[in-house]
Structure formats: structure tokens, C-alpha cells
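Residues per chain are reported as follows:
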Amino acid sequence: MTGSDEETLAETFWAVARRLRHQSKRTLEPWEINPGQARALAVLMRHGAVRLSALAEHLGIAPRSATEVVDGLEERGLVERRPDPVDRRATLVAPTEEGGRVGKAIRVARAAEAERFFGALDPADRAELTRILRRLRDD
């Protein structure tokens, strides 16, 4: 493979990633939530109440950034902070009832978005793309 082939692959990959990112932002507009907040809410929906440090770890971001994400979700009434019953000095972050409702609605909308986005691929191509992307993610 020549250098120009590698650039073409990278450019194509970033163009697809950019398109997917823009589509994701549009999908989230009804809830006035950004993709980072949506990811955090999804983590909380999967894991329940967690410490801020654990949320940051799940998201792969710095604890300070997780604080900003949680602040935004809390302002919207989608999460709440509460004392950790095991360690009163620590704080847990948990989805509110509204956060659970919004989280479920976002999951449904994102599944439909993914189906539209990847729908042009036949099942074998989708499986191969999934395999390739997982390999790149895990290397």
C-alpha cells in the first residue's frame, strides 16, 4: 500500500466519522443534549448510580470533564448527585426518573439512526465492518 492509499483510507474514515457525528447531533436535538452527555446518560442507564470517578473512567475522560458533563445533565434534571451510602464523603451520580425516560428514548432514536446510517450495507458487510472496527478499537 502506498502512502497516498493510507491517506485516502484515513480521509475516508474521518469523512464517515464526521458524517456520523453530525447525524448523531441532529438525532439528539429534541432532548437538547450533546453527544458527550448522551454517552454519560447511557453509562448511567447501564450501570446505575456510580461515583464521578467511575463515570469518567467509563467515558475515558478526565474527572474534571466528567464533572462538567454531569453539571449539564443535572441542570436538565436528567441526573442527580447523592451521598454514597458506603462512604458519605463520596458522591454518586444517578439518572433521575426523567433521565431514565430520556435515556430510553435516545437509545431508540440512536438505534433507528444507526439502522438508517448503516442500512446501505448488506448484513455480511455490516458484520465485516463491525469486526474491523472492533479490531482497530482494541489494538
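Everything discussed here concerns the structure shown above.
How each quantity is defined
Residues numbered from 1 in each chain as written. Predicted model: local features only at pLDDT ≥ 70, side-chain atom pairs only at ≥ 80, totals over all residues. Heavy atoms only, no water. Helix = DSSP H or I, 4+ residues; strand = E, 2+ residues; numbered from the N terminus. Rg over C-alpha atoms; globule rule 2.2 N^0.38 Å. Contact = heavy atoms within 4.5 Å. Areas by Shrake-Rupley, 256 points an atom, 1.4 Å probe, with all protein chains shown as cover. Lys, Arg positive; Asp, Glu negative; His and termini not counted. Charge placed at Lys NZ, Arg CZ, Asp CG, Glu CD. Axes fitted to C-alpha atoms, helices over the stretch in contact; angles between N-to-C directions. Parallel < 35°, antiparallel > 145°, perpendicular 65-115°, else oblique. Nonpolar A, V, L, I, M, F, W, Y, C, P; charged D, E, K, R; others polar. Salt bridge = Lys/Arg side-chain N within 4 Å of Asp/Glu carboxyl O. Phe/Tyr/Trp six-rings, centres within 6.5 Å; stacked < 30°, edge-to-face > 60°. Buried < 20%, exposed > 50% of the residue type's maximum accessible area, 1.4 Å probe, protein only.

Draft legend 1. Region of interest: the overall build of the chain. Summing up its helical and strand segments, the chain has six helices and three strands in all. Listing each helix as α and each strand as β along the chain from the N terminus yields α-α-β-α-α-β-β-α-α. Computed over its C-alpha atoms, the radius of gyration of the chain comes to 18 Å, more than 25% above the 14 Å expected for a compact globule of 139 residues. Dimensions of the chain, computed from C-alpha atoms along their principal axes, come out at roughly 60 × 30 × 25 Å. Counted over contacts in the chain with a minimum sequence separation of 6, partners at least 24 positions apart contribute 49%. Counting every atom, the chain has about 9,500 Å² of accessible surface; 54% of that belongs to carbon and sulfur. Measuring between centres, the 24 positive side-chain charges of the chain sit 4 Å from its 23 negative side-chain charges.

Draft legend 2. Seen up close, the packing of helix 2 (residues 35-47) against helix 4 (residues 63-75). Where helix 2 contacts helix 4, the axes come no closer than 10 Å and their chain directions differ by 85°. On the basis of the axis angle, helix 2 is roughly perpendicular to helix 4. Facing helix 2, whose interface residues are G36, Q37, A40 and L41, helix 4 presents V69, G72 and L73. Considered class by class, the residues forming the contact of helix 2 with helix 4 number four nonpolar, three polar and no charged.

Draft legend 3. Quick look at the side chain of Q37. Tracing the backbone through its elements, the reader meets Q37 in helix 2. Not counting chain neighbours up to four residues away, the residues in contact with Q37 comprise E32, V69, G72 and L73.

Draft legend 4. Looking closely at the pattern of salt bridges. Using the criterion set out here, one finds eleven salt bridges in the structure. Ionic pairing is found between E80 and R82, a salt bridge with its closest N-O pair at 2.8 Å. A salt bridge links R131 to E128; the nearest nitrogen and oxygen atoms lie 2.7 Å apart. Remark: E128 and R131 occur in helix 6 (residues 123-138); sequence separation between them is three residues, near one turn of the helix.

Draft legend 5. Inspection of the packing of aromatic side chains at higher detail. Summed over the entire model, instances satisfying the criterion amount to two aromatic pairs. Where F13 meets W14, the ring centres are 5.4 Å apart and the plane angle is 80°; that geometry is what we call edge-to-face. We classify F13 as partly exposed; its relative accessible area is 40%. The interplanar angle of 80° and the centroid separation of 4.9 Å between the aromatic rings of F117 and F118 together place this pair among those described as edge-to-face. F118 sits in the partly exposed class, given a relative accessible area of 24%.

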